[in-house]
Amino acid sequence: MALAVRFHDQRPEDAERSLREEVLAGFAGQPKATPPKLFYDRRGSELFERICRQPEYYPTRTEELILARAAHDIADLAGQDASLVELGSGASRKVRLLLEAMQPASYLGIDLSEDFLRASTQRLASDYPALEVHAACADFSRPLTLPDGFDGAHPLAFFPGSSIGNFDPPQALALLANLHELLPEGGGLLIGVDLVKEREVLEAAYNDRAGVTAAFNLNLLERVRRELDSDIEPHQFVHRAFFNEAASRIEMHLVSPRAQEVAIEGERFRFTAGESLHTENSYKYSLEGFRELAGRAGFRPLTQWTDPQALFSVHYLQR
Ligand code: AVI
């Protein structure tokens, strides 16, 4: 019989700007842009899971392959008494690879989405009855503290999926510095980072043939229509994703092919023909570029693993 999940509420006071505030500010901006976290309502999270299974979207399966091969080396680096702290998720096969190799006594999942966090940690608790499972509802891009028991025993923080890529470089540096602050001396950060590669491979990953990434992008406008008072017509916009080489990032946009005006919560926004709403950046790093960023945040890059085609990387950074 699994122990109950121990729940820690560390939500910041001003928790989240509402969808309404984010959307109104984003559509009023010049250029128009919204933060990628707005993708992830229930439908958006389901579409993201489907993106991860598309043949063109190499990051998920490649990171899994790397972790499957490196799991025992990772367990050795983390040491016998390591605990595991996962930033986000808890639902993936990836964390199970680590739990099985490391056999930690305790696991802590940190996520801002309470429903998701409760469901995923509960599943881990029933699948690993010997594991002490904790869940912290918190925003790990803000300062936070580890619950008792995690600060002493050399925690290994796990931040998979190249989620770091959705932060602009200054924000990515601040996030890494925050994680450095969170970990005690001797703790580690295991982080998945997508790599720069040929444009064709990158662009195909964000323009899958089944149209799942397009549906994921357009779901943002469906959300605006469902959850806010708006006459916006998602089918009047088209998905566009391309590699901006100078900035080393995939950009996702929703383009208005024609001039149009939309109303949201009583405000009107005009799109000229060809104008877009910029919905996401996904930064791609070189191995050296990422190590340098980690070093600036105070980490010591110990080792990193890639797949044979060098599509993706997993870095072990030491506090
Ligand atoms: C979650 N994040 C790392 C994904 C990425 O690749 O930037 C989100 C995504 N956007 C489109 N496809 C996947």
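Residues numbered from 1 in each chain as written. Predicted model: local features only at pLDDT ≥ 70, side-chain atom pairs only at ≥ 80, totals over all residues. Heavy atoms only, no water.

Under the annotation held in an unreviewed UniProt entry, the protein carries the name Dimethylhistidine N-methyltransferase and is attributed to Azotobacter beijerinckii.

Draft legend 1. Seen up close, the pairing of strand E3 (residues 106–111). The buried fraction of E3 is high, at six of six residues. Side chains of E3 alternate between two faces, with Ser106, Leu108 and Ile110 and Tyr107, Gly109 and Asp111 buried alike. Two elements, strand E2 (residues 84–87) and E3, share four bridges in a ladder whose sense is parallel. Across the sheet, the residue bridging to Leu87 is Ile110, located in E3. The pairing of E3 with strand E4 (residues 132–137) spans six bridges and is classified as parallel. Paired with Ile110 across the strands is Ala136, a residue of E4. In the classification by handedness, the crossover that spans E3, the intervening helix H5 (residues 114–127) and the parallel E4 is right-handed. (Buried < 20%, exposed > 50% of the residue type's maximum accessible area, 1.4 Å probe, protein only. Helix = DSSP H or I, 4+ residues; strand = E, 2+ residues; numbered from the N terminus. Pairing = 2+ DSSP bridges. Right-handed = clockwise from strand over helix to strand, strands pointing away.)

Draft legend 2. Molecular detail of the pattern of salt bridges. Under the counting rule described, the total for this entry stands at 22 salt bridges. Of the charged contacts, one joins Asp9 and Arg11 as a salt bridge, the two residues approaching to 2.9 Å between their closest N and O atoms. For Arg11, a relative accessible area of 32% corresponds to the partly exposed category. A salt bridge links Glu251 to Arg249, with the shortest nitrogen-to-oxygen separation between them at 2.9 Å. According to the relative accessible area criterion, Arg249 is buried, its value standing at 17%. When salt bridges that share partners are traced, they join Asp9, Arg11, Glu114 and Arg118 into one network. (Salt bridge = Lys/Arg side-chain N within 4 Å of Asp/Glu carboxyl O.)

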